[in-house]
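If you want the building blocks of each chain, they are given just below.
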Amino acid sequence: YGRLVDALREHAGCRAVVLDLRGNSGGLVATMPALGGLFLDQPAAIGTMITGGGELKLTALPREVDDAGRDVRRHSGPLAILTDRGSVSCSDMFAGGMQALGRARVFGDTSAGMALPSASVPLPSGDRLLYPTADYIDPKGRRIEGVGVIPDTPSPPTLDALRKGRDPALDAALAWIAKQP
């Protein structure tokens, strides 16, 4: 997150942003609203976690300053998110949330569909048991678990493209960005 804040500050004049979440195994749910706040100009729920105890709206608040108190540059231009089968957990959830809000366009391959917030406990064998603690739905009420985020522009890698050094998802995202005002 900190490196993205720094990159947005350093490239304040950039017209568009491409977030490559391919192969990203996720992270802490709490980072999703913070990340969303870098791309939104008003508060917005980027999803809801549903637990046995109730619902928790994951609300992104527009960021004004970073953790050190320095000004943050929010990006309001085109936002492209790249996903693949390796985009798991919070990557699934963030891409789906931003897509559902209409704030980002998703390119690549359908994400993993592994979007259940979870916890783990150690077992006597030394292994760990990972178990779900909540369900997640995007702002449109869609479940990501078991389905994944379906790209707006499907552009999965192909053997031919890889042999030629091409990246279909990135190429599609850049083509879309070039058409944006």
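Residues numbered from 1 in each chain as written. Predicted model: local features only at pLDDT ≥ 70, side-chain atom pairs only at ≥ 80, totals over all residues. Heavy atoms only, no water.

Peer 1: Just to check I follow, could you spell out the overall build of the protein for this structure?
Peer 2: For the protein, the helix and strand inventory stands at 5 helices and 9 strands. Secondary structure elements in the protein, listed N-terminal to C-terminal, are α-β-α-β-β-β-α-β-β-β-β-β-α-α. Taking 181 residues into account, the globule formula puts the C-alpha radius of gyration at 16 Å, and the protein, at 17 Å, falls close to it. In the protein, which comprises 181 residues, the share counted as buried stands at 42%. Sequence separation of at least 24 residues holds for 70% of the intrachain contacts in the protein that already meet a minimum separation of 6. (Helix = DSSP H or I, 4+ residues; strand = E, 2+ residues; numbered from the N terminus. Rg over C-alpha atoms; globule rule 2.2 N^0.38 Å. Buried < 20%, exposed > 50% of the residue type's maximum accessible area, 1.4 Å probe, protein only. Contact = heavy atoms within 4.5 Å.)

Peer 1: Looking at this structure, I do not really get the pattern of salt bridges. What am I missing?
Peer 2: Pairs may arise between side chains of opposite charge once their charged atoms sit close together. Taken as a whole and assessed by the stated rule, the structure comprises 13 salt bridges. Note that D6 is salt-bridged to R70, the shortest N-O span being 3.6 Å. Of this pair, D6 sits in helix α1 (residues 2-10) while R70 is found in the loop between β3 (54-60) and β4 (79-83), placing the two residues 64 residues apart along the sequence. Residue R74 pairs with D41 through a salt bridge whose shortest N-O separation is 3.6 Å. Here D41 lies in the loop between α2 (31-36) and β2 (44-51) and R74 lies in the loop between β3 and β4, a separation of 33 residues in the sequence. By relative accessible area, D41 is classed as exposed at 54%. (Salt bridge = Lys/Arg side-chain N within 4 Å of Asp/Glu carboxyl O.)

Peer 1: Would you take a moment to explain α1 for this structure?
Peer 2: Quick reminder: α-helices carry 3.6 residues per turn. Residues three or four places apart thus point the same way. Buried residues of α1: L4, V5 and L8, and no others. Buried residues in α1, looked at end-on, bunch into an arc of 105°, giving them a common side. Relative to its buried face, α1 has exposed residues pointing more than 90 degrees away, namely R3 and E10. (Arc of directions from axis to C-beta.)

Peer 1: Got a minute to help me understand the nonpolar core in this structure?
Peer 2: Most often, soluble globular proteins keep nonpolar side chains buried together rather than apart. Counting 32 residues, the largest nonpolar core has F39, I81, F94 and M98 as its most contacted members. When residues in this core are grouped by element, the largest group, 5 residues, is from helix α3 (residues 90-100). Once you skip the residues sitting within four places of it in the chain, F39 turns out to touch L4, L8, V17, L19, H75, L79, M98 and R103. With 9 residues, the next largest nonpolar core counts A16, A80, L82 and A172 among its residues. (Core = buried A, V, L, I, M, F, W, Y, C linked by side-chain atoms within 4.5 Å.)

Peer 1: When you look at the side chain of T48 in this model, what are you seeing that I'm missing?
Peer 2: Tracing the chain through its elements places T48 in strand β2. Take T48: its relative accessible area is 5%, and that puts it in the buried class. Of the polar contacts made by the side chain of T48, one reaches the side chain of K57; its length is 3.3 Å. Once residues within four sequence positions are removed from consideration, T48 is found in contact with E55, L56, K57, D135, Y136 and I137. (Polar contact = N/O pair within 3.5 Å; in protein donor to acceptor, adjacent residues only side chain to side chain.)

Peer 1: Explanation requested: the side chain of R103 in the structure shown.
Peer 2: Tracing the backbone shows R103 in the loop between α3 and β5 (105-108). Despite its burial, R103 pairs with no opposite charge, the nearest such side chain being D41 at 6.6 Å. A polar side-chain atom of R103 sits 2.9 Å from the main-chain carbonyl oxygen of H75. (Lys, Arg positive; Asp, Glu negative; His and termini not counted.)

Peer 1: Which parts of the structure should I look at to understand the environment of D20?
Peer 2: Inspection of the secondary structure assignment puts D20 in strand β1 (residues 17-20). For D20 and K179, which are 159 residues apart along the polypeptide, the C-alpha to C-alpha distance reads 20 Å. A distance of 2.8 Å separates a polar atom in the side chain of D20 from a polar atom in the side chain of R22.

Peer 1: Is there a simple way to think about a nonpolar patch on the surface in this case?
Peer 2: Judged by side-chain polarity, V121, L123, L129 and Y131 come together as a nonpolar surface patch covering roughly 300 Å² of accessible area. By secondary structure assignment, the location of Y131 is in strand β7 (residues 128-132). Look at Y131 and you get partly exposed, because its relative accessible area is 35%. (Patch = residues over 30% accessible without salt bridge, like charges linked within 9 Å, V, L, I, M, F, W, Y side chains within 5 Å. Areas by Shrake-Rupley, 256 points an atom, 1.4 Å probe, with all protein chains shown as cover.)

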